[in-house]
Structures are given as structure tokens and as C-alpha cells.
Amino acid sequence: MPEPGDPHDKLFRALLDDPDRARALLCEHLPAEIVAELADTPPEPVEGHFVDAALQGSQSDRLFRVALKDGRSAYVYTLLEHKSAPDPRTPIQLLTYMARIWDRHLAETGGSPERLPAIIPMVIYHGRRPWTVPTSVLDAVDAPEAIRDAMAGMRYILRDLGPVDDADLAQDRVLRAGLAALKHAFDKGVPLKVVVSLLADTPEKSLLERQVLEYVIRVYNLGEQDLMQALDQAKPDRREELMGTVAEEWMKQGEARGRAEGIAEGEARGKAVMLTRMLERRFGELPPWARERIHQADDTWLDAWADALFDARTLEDVFTAPREGMS
């Protein structure tokens with residue numbers, strides 16, 4: 001199973017945890033002729049992962065059991081490719097995963113290998129480079145056409161998010177926000193309006209709201225001012241509360257970097273955000289000079305100002321407090 005810390009996998013699973021959103025994804029991104037065969041019931045998530053251990057850092061998967069209109073059932077296997085470029089081995093890997101799904105189905109149901117349920121494989125790709133990999137392993141087979149025709153079938157459905165306009169990713173605004181977040185993961189310099197849009201589309205005070213915000217913090221290369229501006233535009237009434245999530249995430253990143261590289265940059269950024277929140281609660285909107293001092297300060301100064309806040313009568317008193325070891 002992919003590590004819980006993988007941001008792409010975490011958001012992908014969060015998007016599809018809701019059965020109605022999962023059905024919306026299937027209905028909007030599978031071919032119409034397949035959707036026409038699906039019953040009106042939500043897909044049933046099936047626990048388990050089929051991705052090879054060596055690929056868990058670059059692939060995430062979800063398996064659903066779906067009811068068909070004729071009374072039979074089938075599986076839809078969704079594979080998220082979160083590499084920045086297509087993997088030419090994807091068609092072969094899909095065959096392996098499908099074989100594992102059939103093997104488990106037979107083991108759990110005692111069914112006959114002569115009557116296997118259909119598996120509809122769908123790859124969701126959000127890398128930067130266009131997808132150039134064949135959508136069937138047969139297209140990669142080096143053989144005469146007559147032989148390849150005899151092997152016909154075994155195609156998967158590709159949904160490359162890159163060429164799709166954000167507005168057309170989904171009709172459901174929550175699903176659209178999640179897919180848009182994934183789509184722009186490898187962009188250099190994500191436009192502020194994109195961040196504003198996907199944050200605005202997430203339901204307020206929901207788990208997914210926090211998950212999308214955490215994803216933006218972890219994956220997008222946004223500065224503190226850009227992130228604060230995005231929150232101001234998307235959810236001004238919740239800016240203060242959401243900045244708490246931002247601070248927590250930056251502290252986690254700082255602790256992780258500190259363990260790996262011996263630095264505490266992320267922790268300092270988190271402290272800066274928390275200090276800003278406390279000062280604004282006490283003194284109101286901060287003037288530019290105060291924000292600049294906080295932005296430039298090191299960890300020791302931030303701690304000193306946070307301590308001074310409790311006894312300070314004015315904002316200026318906070319910033320005149322000496323730090324430990326200095327008069």
C-alpha cells in the first residue's frame with residue numbers, strides 16, 4: 001500500500017471515498033457506451049491494493065465493484081499515475097494488476113475461471129508531458145497485424161487530465177476541485193486564480209477541504225504571501241482558521257526536513273503564521289512593516305515576540321522585546 005504521507009495518493013483516495021463522487025467520476029470519464037451499461041447504484045469500493053511495492057511511490061489504485069443493468073456485476077479499476085512523465089510499462093503493469101484482481105475474486109467467491117467478471121481499467125494521469133503510451137499492450141506487440149488482430153482486446157481507458165480545461169474536469173464542484181488539484185501538481189508556477197478556484201470549490205469545514213489545502217501546501221511551490229492571498233479570495237471568512245492548518249503543515253515539513261537535512265525552515269514558517277494570527281487577534285490587521293519583520297525573522301526572534309505578546313500593551317511593544325541572550 002502506498003505510504004500514507006504520499007500527497008497524490010492521499011488526495012486520490014479522499015476524492016473517491018464518497019460513493020457519489022466515485023460514481024460521478026466514472027459516469028463523466030468512462031466512455032458513454034460503458035456508462036450506459038451501469039446500473040444507477042453507487043459503485044462499491046473494494047479494499048486492497050494491487051500495485052507492485054516498487055511502484056507504490058508513483059502509482060495509486062482504487063478498485064470498485066459496479067452493478068450492471070442486466071443484473072451482472074463488474075469491476076472498475078482506477079490507476080492514478082503520478083509521475084511527471086508517462087511510464088511505457090503501464091500497459092504491462094495493468095495486465096498484472098488485472099490478473100491479481102481476478103485471482104482474488106476467484107479465491108474469495110469460489111467462482112469459475114470460465115466466467116470471470118469484467119474489469120474496466122482506467123488510468124488517470126496528471127503529469128506534465130503528453131501521454132504517448134499505447135492504450136493496449138497489443139499496440140506494443142512486435143508482430144504481424146494478423147497475429148495482433150487475433151489478440152484483439154485488452155484495452156484500458158485513458159483520461160489524461162492535462163488537455164482538459166479545469167471547468168470541464170467534472171460537473172460536481174468538489175470532484176472538479178480535487179481533479180484540478182491533481183492536474184496542476186507538476187506545473188511550474190501555478191496561477192493564483194487556479195488555487196483560489198480549487199479552494200473555493202471544496203466544502204467548508206469538511207475533511208476534504210483540509211486535505212485539498214494540505215495537498216496545495218505540500219505539492220505546490222507557493223510562497224506565504226501567495227497562499228494567504230489565495231485564502232483571502234477563496235474563503236475570507238475562514239482565513240484565520242485555515243491558516244492554522246497551514247501553520248501545522250509547515251511545522252510538519254520543517255520537522256521532516258530537520259530530521260533529514262538538519263534545518264528548521266518549515267518550522268519557522270509555521271511559527272511565523274501562528275504569531276501573525278495571534279497578533280491580529282490582539283491588535284487587528286497588521287501593518288506592512290510588522291508583516292515584513294515577521295517574514296524576515298529567525299526562529300529565536302519569533303519565539304521572543306510570541307513571549308512578549310502576553311505582556312505587551314501595543315504592537316510596537318511586542319517588537320521591542322529583547323530576545324534571549326541579548327540586552
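In the block above lies the structure referred to throughout.
Residues numbered from 1 in each chain as written. Predicted model: local features only at pLDDT ≥ 70, side-chain atom pairs only at ≥ 80, totals over all residues. Heavy atoms only, no water.

**A few points about the pattern of salt bridges**
As enumerated under the stated definition, the model contains 19 salt bridges in all. A salt bridge links Glu 209 to Lys 235; its shortest N-O distance comes to 2.5 Å. One end of the pair, Glu 209, is in helix H8 (residues 207-219); the other, Lys 235, is in the loop between helix H9 (224-234) and helix H10 (239-261), with 26 residues separating them in the sequence. In this pair, the class of Glu 209 matches that of Lys 235, namely buried. A single salt-bridge network, built from bridges that share partners, covers Glu 209, Lys 235, Arg 238 and Glu 241. (Salt bridge = Lys/Arg side-chain N within 4 Å of Asp/Glu carboxyl O. Helix = DSSP H or I, 4+ residues; strand = E, 2+ residues; numbered from the N terminus. Buried < 20%, exposed > 50% of the residue type's maximum accessible area, 1.4 Å probe, protein only.)

**Digging into the environment of Arg 269**
Residue position: Arg 269 is located in helix H11 (residues 265-283). For Arg 269, a relative accessible area of 21% gives the class partly exposed. Taking the C-alpha atoms as reference, Arg 269 lies 13 Å from Glu 292; in sequence the two are 23 residues apart. Look past the residues within four positions of Arg 269 in its chain and what remains in contact with it is Leu 222, Gly 223, Glu 224 and Trp 250. (Contact = heavy atoms within 4.5 Å.)

**Brief notes about the sheet that holds strand S1 (residues 44-46)**
If you trace the 5 strands from one edge of the open sheet to the other, you get S1-S2-S3-S4-S5, paired in mixed fashion. In the strand order of this sheet, the two ends are held by S1 and strand S5 (157-160), each with one partner. Each neighbouring strand pair of the sheet contributes to a mean axis angle of 25 degrees, computed without reference to strand direction. Sheet topology places strand S3 (residues 73-81) next to strand S4 (residues 118-125); 8 bridges connect them, and they run parallel. Considered in S4, the bridge of Ala 74 is made with Ala 118. Contacting S1, strand S2 (59-67), S3 and S4, helix H4 (residues 90-109) crosses the sheet at an angle of about 140 degrees to S3. (Pairing = 2+ DSSP bridges. Axes fitted to C-alpha atoms, helices over the stretch in contact; angles between N-to-C directions.)

**Quick look at the environment of Ala 290**
Its place among the elements puts Ala 290 in helix H12 (residues 288-296). With a relative accessible area of 0%, Ala 290 lands in the buried category. Along the sequence, Ala 290 and Thr 276 sit 14 residues apart, while their C-alpha atoms lie 9.0 Å from each other.

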